[in-house]
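The primary structure of each chain is shown beneath.
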Amino acid sequence: MKTKGNPGDNKTRSSVSLFIAAGLCCFFYLLGAWQRSGSGKGDSIALEITKHADDCSVLSNLQYETHHGDKTINDPLLDTKEFDPCDDRYVDYTPCQDQMRAMTFPRENMNYRERHCPQEDEKLQCLIPAPKGYVTPFRWPKSRDYVPYANAPYKSLTVEKAVQNWIQYEGNVFRFPGGGTQFPHGADAYIDQLASVIPIDDGTVRTALDTGCGVASWGAYLFKKNVITMSFAPRDSHESQVQFALERGVPAVIGVLGTVKLPYPSRAFDMAHCSRCLIPWSVNDGVYMMEIDRVLRPGGYWILSGPPINWRNNYQAWQRPKEELEDEQRKIEEMAELLCWEKKYEKGETAIWRKRINNEYCADRDSRINMCNLADIDNVWYKKMEACATPYQETTSPDEVSGGELKPFPERLHSVPPRIAKGFIPGVSADSFLEDNKIWKKHVDTYKKINKLLDSGRYRNIMDMNAGLGSFAAALESPKLWVMNVVPTITDKDTLGAIYERGLIGIYHDWCEAFSTYPRTYDLIHADGLFSLYKNKCSMENILLEVDRILRPEGAVIFRDNADVLAKVKRIVAGMRWNMRTLDHEDGVLVPEKILVAVKQYWVAGGKNNTFA
């Protein structure tokens, strides 16, 4: 029932919202003054302070706190637990890929390189320090080619890959020339070679997967083609491959093709790639190729570059018996035929196959190979890989793309994804998808008003911890940034496939465990309703410590949740090294949902640990 309010209420609420927005703008401008740039001389955006001095005049009178039952958390003496810094030896700690723990697991099929997380009583209850001298990474696109040495001070790759043009050490920076083991003439030339076969330039190919990515130069250079790549590599003897990728501003996670399924949905990627990735494609009854087939969309491409392709001319250079290489390629070709992939190209050491668009071209496949259960193909979290082929969704004509044809990017970004149009996601309709787009455009417009850095290029690596339909990422879409869309494994709607159909990338994850990345790999972390979702599931404190671990010094956080939940979050964060504010919902003070924004302070291992020292 509607009630009449004071005629001045709307005006008052509007004024409050404007004051909050103005005040928070100042909050972020002031913080920007101390942000370390890649040169260590301070972000140029700090100069903007002098231009906005008048806007900041409201700071002394501004009430930042929410107006909806958030009173008790303002008491600085109330139940605040201070979190101490972890020991300096944990500066690059990756909880679920810890080297010491990994060595206790079997080496067979790379099991020891997979996720093995600490038990509850083994989790660190401290804040991971940044290394001495840490600086904010260079902005994109400079970051593609240069990484400050202090941020990942490991030189082993500069020695081991010296002749392959991966990485070079130059003074106080690493330089990435764009080379790779299989593309000595540079990533651009290699990608142009692929583009002569694969429609990379017209938006048909948008999402790519790079297995055993090294320092992710393939994905880094594909950005020029408006292709976004999910790269992964294990944490192995080549220290910091994934860390280097993320420091460069390229999407990557620590991962491996081992015994469990990849944490991605079926029909996700337009293109998958292996450039001498050392994955034994021909073993275990072809199970790794079957897993690539699962995540590759109908009509997608698989690229294999390096051994055993063109073994006749290369077996001596590879120092491997030609009989062994011949057998390896024969098994790969046989499995590709069983999977009904069409070979499109082989030249030099590169071969390209294309997955057929539907089962009409593969009428006898089902009788020649073991088929997976269609209902289980996206149930992947810690699920063992199976030696079975993923069935196609039903079609009615030879030209119909199984699962639905995707529009070229960027048109597909805001189009209704086929999974939704066809009713594959219960409870999500075309209308609710379009409404979700509108809501998140409004939310992101608000975020940009309260944090002027959001659209400036300052934030490159962004994570959405509870991505829903990916509309936050879609509203942010820009060549300056990319978003890792995380769909929690405990959510009641599996939306990750629809996110990929929009031309975005993401991953399944359970936030009761650590994320598969190094510390300090995200510039901005967003979460909508995450803490309500995980209420009574696991420790809120541990989730927040994990956010702190993967957030860069002076990186930003935006949490959106109910007021009572954010009150608990704020109480925990009060003991961490964050500066924070709470805002009311865009629609007014009476809406129970609030917004918490924060910036992680700058501090390093063994230092004074003062943001503004």
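These numbers come from a predicted model, not from an experiment.

Colleague: Looking at this model, I keep getting lost on the overall build of the protein chain. Mind explaining?
Modeller: Per the secondary structure count, the protein chain includes 19 helices and 17 strands. Counting over 613 residues, the protein chain shows a buried share of 59%. Across the protein chain, the fraction of contacts at a sequence separation of at least 24, relative to all contacts at a separation of at least 6, is 70%.

Colleague: Please explain the sheet that holds strand S14 (residues 522-528) as it appears in this structure.
Modeller: Strand-to-strand pairing in sheets goes through backbone hydrogen bonds, with the strands running parallel or antiparallel. One open sheet holds the seven strands; their spatial order is S13-S12-S11-S14-S15-S17-S16, and the pairing between them is mixed. Looking along the sheet, the strands with just one partner apiece sit at the ends: strand S13 (505-509) and strand S16 (578-584). Across the sheet, the axes of successive neighbouring strands diverge by a mean angle of 20°, strand direction being ignored. Relative to strand S12 (residues 482-488), strand S11 (residues 461-464) is paired through four bridges, and the arrangement is parallel. Considered in S12, the bridge of Asn461 is made with Trp482. Strands in contact with helix H18 (residues 540-550) are S11, S14, strand S15 (551-562), S16 and strand S17 (593-600); relative to S15, the strand with the most contacts, it is inclined by about 145°.

Colleague: What is the right way to look at the packing of aromatic side chains in this model?
Modeller: In this description, a pair of aromatic rings is defined by centroid distance and the angle of the planes. Going through the model one piece at a time under the given rule, you end up with 20 aromatic pairs. Considering the side-chain rings of Phe269 and Tyr500, the 5.0 Å spacing of their centres and the 70° angle between planes classify their relative orientation as edge-to-face. Taken as a pair, Phe269 in strand S7 (residues 269-275) and Tyr500 in helix H16 (residues 496-501) lie far apart in primary sequence, 231 residues in all. For Tyr500, a relative accessible area of 1% gives the class buried. Ring geometry for Trp440 against Phe472: centres 6.2 Å apart, planes inclined by 80°, an arrangement best described as edge-to-face.

Colleague: Where do I start with the side chain of Lys600 in this structure?
Modeller: For Lys600, the position within the fold is in strand S17. For Lys600, the side chain forms a polar contact with the main-chain oxygen of Leu551, separated by 2.8 Å. Those residues in contact with Lys600 that sit more than four places away from it in its chain are Asp548, Leu551, Arg552, Pro553, Glu554, Gly555, Arg577 and Trp578.

Colleague: Sorry if this is basic, but what is going on with the pairing of strand S5 (residues 228-233) here?
Modeller: Residues in a regular strand point their side chains to alternate faces of the sheet. Within S5, six of the six residues are buried, which leaves it mostly tucked inside the rest of the structure. In the sheet, strand S4 (residues 207-211) pairs with S5 via five bridges, with the strands oriented parallel. When the bridges of S5 are listed, Leu209 appears paired with Met230. Once you follow S4 into helix H7 (residues 217-222) and on to S5, the crossover reads as right-handed. The pairing of S5 with strand S6 (residues 252-254) spans three bridges and is classified as parallel. For Ser231, the partnering residue across the bridge sits in S6 and is Ala252.

Colleague: Would you explain the sheet that holds S4 in this entry?
Modeller: Pairing within the open sheet is mixed, and its seven strands lie in the order S6-S5-S4-S7-S8-S10-S9. The strands lining the two open edges of the sheet, one partner per strand, are S6 and strand S9 (341-347). For this sheet the average axis-to-axis angle between neighbouring strands, irrespective of direction, equals 20°. Each of S4, S7, strand S8 (296-305), S9 and strand S10 (350-355) touches helix H9 (residues 287-295); the most contacted strand, S8, lies at about 140° to it. Where helix H11 (residues 322-338) meets the sheet, it contacts S8, S9 and S10, and its direction lies at approximately 145° from that of S9.

Colleague: What is the right way to read the environment of Leu278 from this model?
Modeller: Here Leu278 lies in the loop between S7 and H9. The spacing of Leu278 and Pro307 is 29 residues in sequence and 8.6 Å in space, taken between C-alpha atoms.

Colleague: What exactly am I supposed to notice about the state of the cysteines here?
Modeller: Working definition: the covalent bond between the sulfur atoms of two cysteines is a disulfide. Taken as a whole, this structure holds six disulfides when the rule is applied. Covalent S-S linkage joins Cys96 and Cys117, the inter-sulfur distance amounting to 2.0 Å. On the S-S bond that ties Cys96 to Cys117, the torsion sits near 110°, and the link is right-handed. Here the residue Cys96 occupies a position in the loop between helix H2 (48-51) and helix H3 (99-102), and Cys117 occupies one in the loop between H3 and helix H4 (142-145), the gap between them amounting to 21 residues. We note that Cys96, like Cys117, is buried. Each sulfur in the disulfide pair Cys274 and Cys277 lies 2.1 Å from the other. Disulfide Cys274-Cys277: torsion about the S-S bond near -95°, hence left-handed. Like Cys274, the residue Cys277 is buried in the burial classification.

Colleague: Looking at this structure, how should I read H9?
Modeller: Note on helix geometry: an α-helix contains 3.6 residues per turn, so any two residues three or four positions apart are oriented the same way. Counting buried positions along H9 yields nine of nine residues, so the element is predominantly enclosed. Every buried residue of H9 is listed here: Val287, Tyr288, Met289, Met290, Glu291, Ile292, Asp293, Arg294 and Val295.

Colleague: So what exactly am I meant to see when it comes to the side chain of Ser402 here?
Modeller: The topology assignment puts Ser402 in the loop between helix H12 (365-368) and helix H13 (418-421). At a separation of 2.7 Å, a polar atom in the side chain of Ser402 contacts the main-chain amide nitrogen of Gln393.

Colleague: Which parts of the structure should I look at to understand the pairing of S11?
Modeller: The two faces of S11 match: Asn461 and Met463 on one face and Ile462 and Asp464 on the other face are all buried. In the classification by handedness, the crossover that spans S11, the intervening helix H15 (residues 471-476) and the parallel S12 is right-handed. Of the strand pairs in this sheet, S11 and S14 are connected by three bridges, and their pairing is parallel. Bridge pairing links Met463 to Ile525 in S14.

Colleague: How do you make sense of the pattern of salt bridges when you look at a structure like this?
Modeller: Any two side chains of opposite charge can pair, on the condition that their charged atoms come close. According to the stated counting rule, one finds 39 salt bridges in the structure shown. Between Arg144 and Asp145 there is a salt bridge whose closest N-O contact spans 3.0 Å. Judged on exposure class, the residue Arg144 and its partner Asp145 are both buried. Linking Lys331 and Asp327 is a salt bridge whose minimum nitrogen-to-oxygen distance equals 3.4 Å.

Colleague: I would appreciate a short explanation of the nonpolar core in the present structure.
Modeller: The tendency in soluble globular proteins is for nonpolar side chains to be buried as a group. Of all hydrophobic cores here, the largest spans 135 residues; its most connected members are Tyr264, Trp281, Trp302 and Phe559. Setting aside its immediate chain neighbours within four residues, Tyr264 contacts Leu209, Met230, Phe232, Val253, Phe269, Arg294, Val295, Val380, Tyr500, Gly506, Ile507 and Tyr508.

Colleague: Is there a simple way to explain helix H6 (residues 187-195) in this structure?
Modeller: Among all positions in H6, only Ala187, Tyr190, Ile191 and Leu194 are buried. Buried positions in H6, seen along its axis, are confined to an arc of 95° and lie on one side of it. Tucked inside the fold, the buried residues of H6 contact H7, S7, S8 and S10.

Colleague: Even after reading the chapter, I still don't get the environment of Glu346, so can you show me in this structure?
Modeller: Structurally, Glu346 can be placed in strand S9. On the accessibility criterion, Glu346 (37% relative accessible area) is partly exposed. In this structure the C-alpha to C-alpha distance between Glu346 and Ser305, which are 41 residues apart in sequence, comes to 9.6 Å. Not counting the four nearest positions on each side in its chain, Glu346 is found in contact with Ile309, Asn310, Gln329, Glu333 and Ala351. A distance of 2.3 Å separates polar atoms of two side chains, one belonging to Glu346 and the other to Lys343.

Cut-off values and rules
- Residues numbered from 1 in each chain as written.
- Predicted model: local features only at pLDDT ≥ 70, side-chain atom pairs only at ≥ 80, totals over all residues.
- Heavy atoms only, no water.
- Helix = DSSP H or I, 4+ residues; strand = E, 2+ residues; numbered from the N terminus.
- Buried < 20%, exposed > 50% of the residue type's maximum accessible area, 1.4 Å probe, protein only.
- Contact = heavy atoms within 4.5 Å.
- Pairing = 2+ DSSP bridges.
- Axes fitted to C-alpha atoms, helices over the stretch in contact; angles between N-to-C directions.
- Phe/Tyr/Trp six-rings, centres within 6.5 Å; stacked < 30°, edge-to-face > 60°.
- Polar contact = N/O pair within 3.5 Å; in protein donor to acceptor, adjacent residues only side chain to side chain.
- Right-handed = clockwise from strand over helix to strand, strands pointing away.
- Disulfide = S-S within 2.5 Å.
- Salt bridge = Lys/Arg side-chain N within 4 Å of Asp/Glu carboxyl O.
- Core = buried A, V, L, I, M, F, W, Y, C linked by side-chain atoms within 4.5 Å.
- Arc of directions from axis to C-beta.

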